[in-house]
Amino acid sequence: MVLPTYNEADNVQAILTRAGEVLAAAAPEGFRILVVDDGSPDGTGDIADSMAGEHDWVRVLHRTEKAGIGPAYLAGFAHALGEGAGYVMEMDSDFSHDPADLARLLERARTDADLVLGSRYVPGGGVSDWGRLRQLISEWGSTYARVVLGLKVRDLTGGFKCFRREVLEAIDFQTVRSRGYAFQVELTYRAVQAGFRVAEVPIVFREREKGQSKMSWRIAAEAMWLVPLLRFGRR
Ligand SMILES: Nc1nc2c(ncn2[C@@H]2O[C@H](COP(=O)(O)OP(=O)(O)OP(=O)(O)O)[C@@H](O)[C@H]2O)c(=O)[nH]1
Ligand SMILES: [Mg+2]
């Protein structure tokens with residue numbers, strides 16, 4: 001599992017501990033969690049290092065500057081494939097995604113899907129505590145991308161995923177350029193285009209309790225103009 005962090009000093013130790021418990025049960029054959037920290041000024045990287053000293057399943061990739069979640073994941077994917085991972089997972093590090101759901105995502109990828117999405121917009125899924133405006137923006141964003149790209153997937157912008165190794169090997173992920181929400185859209189779009197089976201399992205997304213949001217209008221705007229380019233442009 002790849003866990004991107006930027007200024008998550010209040011969350012990183014707890015999320016590693018919890019995700020480690022879940023994966024130890026769900027993947028008895030072995031697992032690793034790779035923290036990809038972009039030089040967080042709040043010391044997140046040091047906390048992750050000390051966790052790595054305690055647990056052999058924790059790895060840490062230190063990057064020097066905040067470059068966005070997309071580039072952090074690309075570096076993490078390359079590392080995971082290099083280490084021989086059979087499944088590669090994405091999850092936020094702020095408890096917006098419930099680590100308990102990792103088990104359901106992995107199980108689905110083991111049975112009948114190549115890419116599994118934790119989805120807010122299928123029956124049983126949802127968002128627990130967003131304001132109406134943010135909920136609308138997110139729903140519009142997913143609908144917009146779904147229509148422009150001609151996909152059936154309901155939740156295109158979420159960042160809770162499980163890839164079979166073969167998907168990442170096939171979609172040439174190193175050439176994905178988007179950084180924010182568009183990054184998630186682009187990965188899923190490429191997997192569908194390559195003919196992989198994409199499944200959505202319901203999840204409930206919760207607002208972070210600790211630490212600060214890095215969501216920005218710039219990231220949302222990037223998604224607005226990149227989505228039509230994915231469909232119609234030559235990248
Ligand atoms: N390595 C790295 N991680 C990042 C970066 N930006 C965000 N993250 C992490 O990626 C995860 C998902 O980020 P977002 O949900 O987009 O941002 P967020 O700060 O959690 O925003 P809210 O969900 O609105 O609170 C979070 O756990 C962040 O710590 C980045 O530039 N580099
Ligand atoms: Mg978040």
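As a starting point, this report considers the structure included with it. Note that the structure is predicted; figures quoted are calculated from it, not measured. (Residues numbered from 1 in each chain as written. Chains lettered and ligands numbered in written order. Predicted model: local features only at pLDDT ≥ 70, side-chain atom pairs only at ≥ 80, totals over all residues. Heavy atoms only, no water.)

Remarks on the packing of aromatic side chains
Rules: Only rings of Phe, Tyr and Trp enter the pairing, Trp through its six-membered ring, and a pair is recorded when the two centres are within 6.5 Å. The plane angle decides the type: under 30 degrees is stacked, over 60 is edge-to-face, the rest tilted. Only DSSP runs of H or I covering at least 4 residues are called helices, and only runs of E covering at least 2 are called strands; the numbering of each starts at the N terminus. Only protein chains enter the area calculation, which uses a 1.4 Å probe; residues under 20% of their type maximum are buried, those over 50% are exposed, and those in between are partly exposed. Note on geometry: a ring has a charge over it if NZ (lysine) or CZ (arginine) is within 6 Å of the ring centre and within 35 degrees of the ring normal.
Scanning the model with the defined rule gives five aromatic pairs in all. Taking 5.6 Å as the distance between ring centres and 85° as the angle between the ring planes, the aromatic pair formed by phenylalanine 77 and phenylalanine 173 counts as edge-to-face. Of the two residues, phenylalanine 77 sits in helix 3 (residues 69-82) while phenylalanine 173 sits in the loop between helix 6 (165-170) and helix 7 (181-193), which places them 96 residues apart along the sequence. Per residue, the accessibility class of phenylalanine 77 equals that of phenylalanine 173, and both read buried. Ring pairs connect the aromatic residues Tyr73, Phe77, Phe163, Phe173 and Phe183, which therefore count as one cluster. Seen from the ring of tyrosine 6, lysine 66 lies directly overhead, with NZ or CZ sitting 5.0 Å from the centre.

Considering the site of ligand 1
The following threshold applies: Residue proximity to a molecule or strand is established when one non-hydrogen atom of the residue lies within 4 Å of it. Any pair of nitrogen or oxygen atoms within 3.5 Å is treated as a polar contact; in protein, a donor-acceptor pairing is required on top of that, and neighbouring residues in sequence qualify only through side-chain atoms on both sides. Method for areas: the Shrake-Rupley scheme with a 1.4 Å probe, in which residue coverage is limited to the protein chains shown.
Not every one of the 21 residues close to ligand 1 is listed here, only the nearest: Glu8, Ser93, Asp94, Ser213 and Lys214. A distance of 3.0 Å is found between an oxygen atom of ligand 1 and a side-chain nitrogen or oxygen belonging to arginine 134. Protein contact buries 94% of the 620 Å² of open area that ligand 1 shows by itself. Among the secondary structure elements, those contributing two or more residues to the shell around ligand 1 are strand 1 (2-5) and helix 3.

A look at the side chain of aspartate 38
Put simply, the rule reads: It only takes one pair of heavy atoms within 4.5 Å for two residues to be counted as in contact.
If you trace the backbone, aspartate 38 turns up in the loop between strand 2 (33-37) and helix 2 (44-54). Looking at aspartate 38, its side chain comes within polar contact range of the main-chain nitrogen of alanine 67, at 3.0 Å. Residues within four places of aspartate 38 in sequence aside, it is in contact with Thr5, Tyr6, Arg63, Thr64, Glu65, Lys66, Ala67, Gly68 and Ala72.

Side note on unusual backbone geometry
With a phi close to 70°, phenylalanine 95 is a non-glycine residue in the positive phi region. Relative to the helices and strands, phenylalanine 95 resides in the loop between strand 4 (87-90) and helix 4 (102-111). We classify phenylalanine 95 as partly exposed; its relative accessible area is 25%. With phi around 55°, aspartate 172 is a residue other than glycine that occupies positive phi space. For aspartate 172, the position within the fold is in the loop between helix 6 and helix 7. Residue classification places aspartate 172 among the partly exposed positions, given a relative accessible area of 45%.

Note that every value here comes from positions in space, so none of it alone points to a role or purpose.
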